[in-house]
Amino acid sequence: MADNSFSDGVPSDAAEAAKNASNTEQLTDQVMQNPQVLAALQERLDNVSHTPSSYIETLPKAVKRRINALKQLQVRCAHIEAKFYEEVHDLERKYAALYQPLFDKRREFITGDVEPTDAESEWHSENEEEDKLAGDMKNKVVIAEKETATAEEPNPKGIPEFWFTIFRNVDMLSELVQEYDEPILKHLQDIKVKFSDPGQPMSFVLEFHFEPNDYFTNSILTKTYKMKSEPDKADPFSFEGPEIVDCDGCTIDWKKGKNVTVKTIKKKQKHKGRGTVRTITKQVPNESFFNFFSPLKASGDGESLDEDSEFTLASDFEIGHFFRERIVPRAVLYFTGEAIEDDDNFEEGEEGEEEELEGDEEGEDEDDAEINPKKEPSQPAECKQQ
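All of the points below concern the structure found in this document.

What counts and how
- One numbering rule holds for all chains: residues counted from 1, following each sequence as written.
- The predicted origin of the model limits local features to residues at a pLDDT of at least 70 and limits the giving and counting of side-chain atom pairs to 80 or more, whereas totals for whole chains, interfaces and linings rest on all residues.
- The side-chain figures draw on all heavy atoms in the structure; neither hydrogens nor water molecules are used.
- In the cavity and pocket records, a cavity denotes points on a 1 Å grid over the protein atoms alone where a 1.4 Å probe fits but cannot get out, a pocket denotes an open set with protein on both sides within 12 Å along at least 5 of 7 lines, and lining residues are residues with an atom within 4 Å of a point.
- Grid points are joined across faces, edges and corners, and a volume is the space filled by probe spheres set on the points.
- A run of DSSP states H or I qualifies as a helix once it reaches four residues; a run of E qualifies as a strand once it reaches two. Both are numbered from the N-terminal end.
- Following the grouping adopted for this structure description, the nonpolar residues are Ala, Val, Leu, Ile, Met, Phe, Trp, Tyr, Cys and Pro, the charged ones are Asp, Glu, Lys and Arg, and the polar ones are all others, Gly among them.
- We call a residue buried when its accessible area falls under 20% of the maximum for its residue type, exposed when it is over 50%, and partly exposed in between, using a 1.4 Å probe and counting protein chains only.
- Polar contacts here mean pairs of N or O atoms no more than 3.5 Å apart (in protein, one a potential hydrogen donor and the other a potential acceptor; neighbouring residues in sequence count only if both atoms are side-chain atoms).
- When checking whether two residues touch, look at their non-hydrogen atoms; a contact exists if any pair is within 4.5 Å.
- Only when DSSP finds a minimum of two bridges between them are two strands counted as paired.
- Every axis corresponds to a line fitted to the C-alpha atoms, with the helix fit spanning only the stretch in contact, and the corresponding angles, defined between N-to-C directions, vary from 0 to 180 degrees.
- Residues forming no salt bridge and having over 30% relative accessible area are the ones grouped into patches, like charges within 9 Å of each other and nonpolar side chains (Val, Leu, Ile, Met, Phe, Trp, Tyr) within 5 Å.
- Each accessible area is a Shrake-Rupley estimate made with a 1.4 Å probe; only the visible protein chains count as cover when residues are assessed.
- Note on definitions: salt bridges are taken to be side-chain nitrogens of Lys or Arg within 4 Å of carboxyl oxygens of Asp or Glu.
- When charges are counted, Lys and Arg are positive and Asp and Glu negative, with His and the chain ends excluded.
- Throughout, a charge is located at the NZ atom of Lys, the CZ atom of Arg, the CG atom of Asp or the CD atom of Glu.
- Working definition: rings of Phe, Tyr and Trp (its six-membered ring) pair if their centres are within 6.5 Å, and the pair is stacked with planes under 30 degrees apart, edge-to-face with planes over 60 apart, and tilted otherwise.
- We count a charge as sitting over a ring when the NZ of a lysine or the CZ of an arginine lies within 6 Å of the ring centre and within 35 degrees of the ring normal.
- A helix is expected to span 1.5 Å multiplied by its residue count minus one.
- For the purposes of this section, nonpolar cores are sets of buried Ala, Val, Leu, Ile, Met, Phe, Trp, Tyr and Cys residues that join through side-chain atoms within 4.5 Å.
- For a residue, the bend is simply the angle between two axes, fitted respectively to the seven-residue segment ending there and the seven-residue segment starting there.

1. Some words on the layout of surface pockets
Considered as a void within the structure, the second largest pocket measures approximately 1,100 Å³ in volume. What lines the second largest pocket is a set of 31 residues, among which Arg106, Phe109, Glu120, Trp123 and Val332 lie closest to the centre. Sorting the residues of the lining of the second largest pocket by element identifies helix H4 (61-111) and helix H10 (331-336) as the ones contributing at least two each. A per-element tally of the lining of the second largest pocket places H4 first, with six residues. Of the residues belonging to the lining of the second largest pocket, the class tally is 15 nonpolar, seven polar and nine charged.

Okay, structure coming up:
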């Protein structure tokens, strides 16, 4: 039998490998002769070669040593900045004490415990002159009818559903409120912010004050947000100011059958041996704003949270920050909707400015665009999970 494993003294596998290598070389030559492929490769190489990290790697050791010294200075700057924010927190505490008498009077007007004087209730609107002229004309025509209507006009106590209306007006809050939460929130009389005492770890407490109601016995529900104002040892350059790192809620003493944070479900169970079926009832978590007072805890043992938990925690921190910075200080403007309109107008203005800038830059040459970079507006300190 003839041996076919050799041909002219050359093994068939070796011949096949040589043939494949030759084909690969030919294909490579064809690809490298394609100008589009060459341009794409060159662009990729240019991008790699111009990254900051690749540039730093090319510098002499003496220059790298000086850069390291600059980084040490930057860390020291971050620690000074942290001290600055600690003093800002002290100032917030100081001025919170000055605001509080005004907020106490706000509560009295809202609840109806005190009626504002004529001087206190005087307010000049932007359209005051137009309103006055329209009112004068109407008075001349239907003065008698108006007197009768005024006499019969209802005069409820205080400002009904003040805080509940704010919850309804603000999207961030209304998304948390379920239909069965609404009658409870109508009993909310005040929200306060209290800052940590001097010498104590940085934190703030949100206090939700409720009038007596049919749902729980607590008069105050609290949410404490713990803050940190120091650079992270592992990543000191990420420091951008104080951040919320954890929060604690409180226990709500629900009256019997009134707990909206749980719901009762019925479930059928079949006995494996006898085959009989029984119905059991069990309580399971229920969506509610009042879950806000039973927050997810930030991981403190080095274990990382899953993505959903991190998102939930970040959202909680954002809401707490929003109550402290916007809702409590400017409550009446969120009740009337003026603060919400201002926020919307500000966002629209930013977009319009960006479009205008883009249009202007079309007429600039590349050098001008580099000389006049557009800096983004500064953002408030993030509330993020550590």
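2. Describing the side chain of Ser196
Positionally, Ser196 belongs in the loop between strand E3 (188-195) and strand E4 (203-210). A relative accessible area of 8% places Ser196 in the buried class. Polar side-chain contacts of Ser196 include one of 3.2 Å to the side chain of His89. At a separation of 3.3 Å, a polar atom in the side chain of Ser196 contacts the main-chain carbonyl oxygen of Pro201. If we skip the residues at most four places from it in the chain, Ser196 touches His89, Arg93, Pro201, Met202 and Ser203.

3. Observations regarding the sheet that holds strand E5 (residues 220-228)
Remark on secondary structure: sheet strands pair via backbone hydrogen bonds, oriented parallel or antiparallel. Strand order in the open sheet made by the four strands is E3-E4-E5-E6, with antiparallel pairing throughout. Because the sheet does not close on itself, it has two edges, and the strands there are E3 and strand E6 (243-248). Going across the sheet, the axis of each strand differs from the next one's by a mean of 20 degrees, ignoring polarity. With five bridges connecting them, E5 and E6 associate as antiparallel partners.

4. A word on the pairing of E4
Of all eight residues making up E4, seven are buried, and the element is well covered by its neighbours. Two strands pair when backbone bridges link them, and E3 and E4 are joined in this way by seven bridges, in the antiparallel orientation. Residue Lys194 lies in a different strand from E4, and its bridge partner there is Val205. Judged from the seven bridges that link them, E4 and E5 form a sheet pairing that is antiparallel. Residue Leu206 lies in a different strand from E5, and its bridge partner there is Lys223.

5. Looking at a negative patch on the surface
A cluster of acidic side chains, namely Asp306, Glu307, Asp308 and Glu310, defines a negative patch on the protein surface. The residue Asp308 is located in helix H9 (residues 307-327) in this model. Accessibility expressed as a relative area gives 61% for Asp308, which makes it exposed.

6. Side note on the packing of aromatic side chains
For the structure shown, the criterion picks out 24 aromatic pairs. For the pair Tyr99 and Phe103, a centre-to-centre distance of 5.9 Å together with 20 degrees between the ring planes defines the contact as stacked. Remark: Phe103 and Tyr99 occur in helix H4; sequence separation between them is four residues, near one turn of the helix. Tyr99 sits in the partly exposed class, given a relative accessible area of 47%. Taken together through their ring pairs, the aromatic side chains of Phe167, Phe208, Phe210, Phe216, Trp254, Phe289, Phe290, Phe292, Phe293 and Phe323 make up a single cluster. One Lys or Arg, Lys258, reaches over the ring of Tyr215 and ends 5.5 Å from the middle of that ring. Over the ring of Phe204 we find Arg324, and its NZ or CZ is 4.9 Å from the ring centre.

7. Here we look at the pattern of salt bridges
Opposite charge on two side chains permits pairing when their charged atoms draw close. Counted under the stated rule, the structure contains 13 salt bridges. Of the charged contacts in the structure, one is a salt bridge between Lys83 and Glu86, with a shortest N-O distance of 3.8 Å. Of this pair, Lys83 and Glu86 are both found in helix H4, three residues apart, which corresponds to roughly one turn of the helix. Of the charged contacts in the structure, one is a salt bridge between Asp316 and Lys223, with a shortest N-O distance of 3.0 Å. With Asp316 in helix H9 and Lys223 in strand E5, this residue pair connects regions lying 93 residues apart in the sequence. In this structure, a network of salt bridges that share partners links the residues Lys226, Asp246, Asp248 and Lys297.

8. Observations concerning H9
The end-to-end C-alpha distance of H9 is 28 Å, a good match for the 30 Å that 21 residues give at a rise of 1.5 Å each. Residues of H9 that are buried include every one of Ser309, Leu313, Asp316, Phe317, Ile319, Gly320, Phe322, Phe323, Arg324 and Ile327, and no others.

9. A look at the nonpolar core
Residues Phe167, Phe208, Phe290 and Phe323 are the most contacted members of the largest nonpolar core, which totals 48 residues. Looking at this core element by element, the count peaks at six residues for H9. Each residue touching Phe167, except ones within four places of it in the same chain, is listed here: Leu173, Ser174, Val177, Leu185, Leu188, Ile191, Phe208, Phe289 and Phe323.

10. Description of the environment of Arg324
Tracing the sequence through the fold places Arg324 in helix H9. Judged by relative accessible area, Arg324 falls into the buried class, the value being 9%. Sequence spacing of Arg324 and Lys192 is 132 residues, and the spatial spacing of their C-alpha atoms is 8.4 Å. Once residues lying within four places of it in the same chain are set aside, the contact partners of Arg324 are Glu92, Val193, Phe195, Phe204, Leu206, Met227 and Pro329.

11. Here's the deal with H4
Taking 1.5 Å per residue as the helical rise, H4 with its 51 residues ought to reach 75 Å, and the 70 Å between its terminal C-alpha atoms agrees with that figure. Of all the bends in H4, the greatest, near 35 degrees, is centred on Tyr99, and the proline Pro101 appears no more than four residues after it. Those residues of H4 lying buried are Ala78, Ala82, His89, Arg93, Ala96, Phe103, Arg106, Ile110 and Thr111. Looking at the buried side of H4, the elements it contacts are helix H6 (162-169), E3, E4 and H10.

The analysis is restricted to geometry; functional conclusions fall outside its scope.
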